[in-house]
Amino acid sequence: MGVSSVDKDYINVAKVLKLGPIQKIFKVVLPSSLPLIFTGLKITLSVAWMVLIAIELLAQSPGLGSFVWEEFQNGANDSNSKIIVAMFVIGIIGFLLDRIMLTIQNMVSFNKNDGI
């Protein structure tokens, strides 16, 4: 999707400048498609994080998912508070993963306002 959304004017400028195929990829296509590529990566990372927690919950492997399941099964007075804290931890880790991806995106992509 990212590569197909490259503006046709950029491709035409690359043709006018007689860029080779490799130069066209690294100078035009890749920089133009990076925002959508990273959007897909962030969505994939968030889905992977949710699946990891669900698998931990079902497979009883050690982790946050099994902790939440064990506290749910425990039924003690403080179980609900532990589950809520674990939910906040899961959310904070997901938010940090998103911020890490945004930082990586900002390091490798360009800002359109830099050239002005």
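Source: prediction; values computed, not measured.

Definitions and cut-offs
- Residues numbered from 1 in each chain as written.
- Predicted model: local features only at pLDDT ≥ 70, side-chain atom pairs only at ≥ 80, totals over all residues.
- Heavy atoms only, no water.
- Buried < 20%, exposed > 50% of the residue type's maximum accessible area, 1.4 Å probe, protein only.
- Salt bridge = Lys/Arg side-chain N within 4 Å of Asp/Glu carboxyl O.
- Core = buried A, V, L, I, M, F, W, Y, C linked by side-chain atoms within 4.5 Å.
- Helix = DSSP H or I, 4+ residues; strand = E, 2+ residues; numbered from the N terminus.
- Contact = heavy atoms within 4.5 Å.
- Axes fitted to C-alpha atoms, helices over the stretch in contact; angles between N-to-C directions.
- Parallel < 35°, antiparallel > 145°, perpendicular 65-115°, else oblique.
- Left-handed = near helix turned anticlockwise from the far one by under 90°.
- Nonpolar A, V, L, I, M, F, W, Y, C, P; charged D, E, K, R; others polar.
- UniProt positions renumbered as here; feature names shortened; annotations may be inferred.

With phi around 55°, Lys-18 is a residue other than glycine that occupies positive phi space. A relative accessible area of 73% means that Lys-18 is categorised as exposed.

Moving on, we come to the pattern of salt bridges. Once the charged atoms of two side chains with opposite charge are near each other, the side chains can pair. With the rule as written, the count across this model stands at three salt bridges. Across the pair Asp-98 and Arg-99 runs a salt bridge whose closest N-O atoms are separated by 2.9 Å. Taking relative accessible area as the criterion, Arg-99 reaches 36% and is therefore assigned partly exposed. Linked through salt bridges whose partners overlap, the residues forming this network are Lys-42, Asp-98 and Arg-99.

The next thing to look at is the nonpolar core. The biggest cluster of nonpolar side chains holds five residues, and these are Val-6, Ile-11, Ala-14, Val-28 and Val-29. Of all the elements in the fold, those that place two or more residues in this core are α1 (8-16) and α2 (21-59). Beyond its immediate stretch of four places on either side in the chain, Val-29 contacts Val-3, Val-6, Ile-11 and Lys-24.

Axes are the key here: two packed helices are described by the angle between their axes and the distance separating the axes. At a minimum axis separation of 10 Å, α2 and helix α4 (residues 79-108) run at an interaxial angle of 160°. Taken together, α2 and α4 sit at an angle that is classed as roughly antiparallel. Crossing handedness for the pair α2 and α4: right-handed. Where α2 approaches α4, its residues Leu-34, Pro-35, Phe-38, Leu-41, Lys-42, Leu-45, Trp-49 and Ile-53 are matched on the opposing element by Ile-90, Ile-93, Gly-94, Leu-97, Asp-98, Met-101, Leu-102, Ile-104, Gln-105 and Val-108. A class-by-class count of the residues in the contact of α2 with α4 yields 14 nonpolar, two polar and two charged.

Moving on: the UniProt feature "transmembrane region" (unreviewed entry) in the protein chain. Those places that UniProt annotates as "transmembrane region" (unreviewed entry) correspond, in this numbering, to residues 34-59 and 79-97. Within residues 79-97, the helical portion is 100% and the strand portion 0%, while the C-alpha atoms at the span's ends are 27 Å from each other.

Where α2 contacts helix α3 (residues 64-74), the axes come no closer than 6 Å and their chain directions differ by 50°. Regarding the angle of α2 to α3, the classification is oblique. Relative to α3, the crossing made by α2 is right-handed. Along the contact surface, α2 presents Ile-53, Glu-56 and Leu-57, while α3 presents Leu-64, Gly-65, Ser-66 and Trp-69.

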